[in-house]
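Structural overview
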Amino acid sequence: MLRRLLPWLLAVLAFAAQAQQAPTILAAASVKDALDEIAAQYPAKPVISYGASSALARQIENGAPAELFISADLEWMDYLEKKNLLAPGTRRNLLGNRLVLVAPAKQPLKLEPAPGFPIARALGSGRIALAEPNSVPAGRYAKAALEKLGVWDQVAPRVAAAENVRAALALVARGEAPLGVVYQTDANAGRGVMIAGVFPAHTHPPIVYPVAALKGAKAGAAVFLEFLSQPQARAIFGKHGFAVH
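Here we summarise the structure given alongside this text. Just so you know, these numbers come straight off a predicted model, no measurement behind them.

**With respect to the pattern of salt bridges**
- Considering all chains together, one arrives at 11 salt bridges under this definition.
- Note that aspartate 36 and lysine 32 form a salt bridge whose closest N and O atoms lie 2.7 Å from each other. Linking aspartate 36 with lysine 32, this pair stays in helix α2 (residues 32–39), spanning four residues, or about one helical turn.
- Using a relative accessible area of 30% as the deciding quantity, one classes aspartate 36 as partly exposed.

Dropping the structure here:
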């Protein structure tokens, strides 16, 4: 009996030992609230740095000592994969999100995004806060949606470009911009803003968050990657408004 149980016991002990290894993670700024909550339930405290997916991918390319990457879009994960920087067989789609228009909570507004909607008039003399639209995923999605609805040319000269989506959210929350385009999960988490409208899904590419271990990652990274797919982690992502793949 003991002989039959021994392999199982050794596997359990190995898993426990690996779970005690704290992985180093680079993650899109928009997953911060959910990932911090998940990490607090893990046996070892991961080291997590948040930022724009574009900036994090460049850091990885330049040798940043990270073991896991969570991107806010497929393109930057593709970039690293083409450079052979991902651990083979570890990449998968983790989450989905929605794109919303936000306004300061002290200046409530309803403005549903639709073809030709009066966003320029709603801005008045102010600017629209976006994550940097030429490189940061949230900004690229926002630009695509505004182009699809035929209003990008009206707002392009009035963009307040932020380094990541949380920074764009903060501009609206502080009243420095009367409108912004962010992920729905950020709007849900951000005090001081209200959702003015939701962009139809067909106006922008699907918002997909892939995750992968990086080449040379220790065993603890694979264990944490598996932990992200467990029911408790999925429930936390769902609570924060993400679609869980």
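**Some details on the packing of aromatic side chains**
- According to the stated counting rule, one finds eight aromatic pairs in the structure shown.
- For the pair tryptophan 76 and tyrosine 79, a centre-to-centre distance of 5.2 Å together with 65 degrees between the ring planes defines the contact as edge-to-face. Of this pair, tryptophan 76 and tyrosine 79 both sit in helix α4 (residues 74–82), separated by three residues, roughly a single helical turn.
- Its relative accessible area of 8% is what places tryptophan 76 among the buried residues.
- Relative to phenylalanine 227, the ring of phenylalanine 224 lies with its centre 6.1 Å away and its plane at 35 degrees, an arrangement referred to as tilted. Remark: phenylalanine 227 and phenylalanine 224 occur in helix α10 (residues 219–227); sequence separation between them is three residues, near one turn of the helix. This pair shows no difference in class: phenylalanine 224 is buried, exactly as phenylalanine 227 is.

**Here's the deal with the sheet that holds strand β3 (residues 68–70)**
- Taking strand neighbours across the sheet as the criterion, the six strands line up as β2-β1-β3-β10-β4-β11 in an open arrangement whose pairing is mixed. Each edge of the sheet is formed by a strand with only one pairing partner; in this case those strands are β2 (47–51) and β11 (243–244).
- Where β3 meets strand β10 (residues 208–213), three bridges bridge the pair, whose relative direction is antiparallel. In the sheet register, isoleucine 70 faces β10, and the bridge partner there is valine 211.
- The strands that α2 touches are β1 (24–28), β2 and β3; relative to β2, the one it contacts most, it runs at about 175 degrees.
- In this fold α4 packs onto β3, β4 (92–96) and β10, with an angle of close to 25 degrees to the strand it touches most, β10.

About the thresholds
Residues numbered from 1 in each chain as written. Predicted model: local features only at pLDDT ≥ 70, side-chain atom pairs only at ≥ 80, totals over all residues. Heavy atoms only, no water. Salt bridge = Lys/Arg side-chain N within 4 Å of Asp/Glu carboxyl O. Helix = DSSP H or I, 4+ residues; strand = E, 2+ residues; numbered from the N terminus. Buried < 20%, exposed > 50% of the residue type's maximum accessible area, 1.4 Å probe, protein only. Phe/Tyr/Trp six-rings, centres within 6.5 Å; stacked < 30°, edge-to-face > 60°. Pairing = 2+ DSSP bridges. Contact = heavy atoms within 4.5 Å. Axes fitted to C-alpha atoms, helices over the stretch in contact; angles between N-to-C directions.

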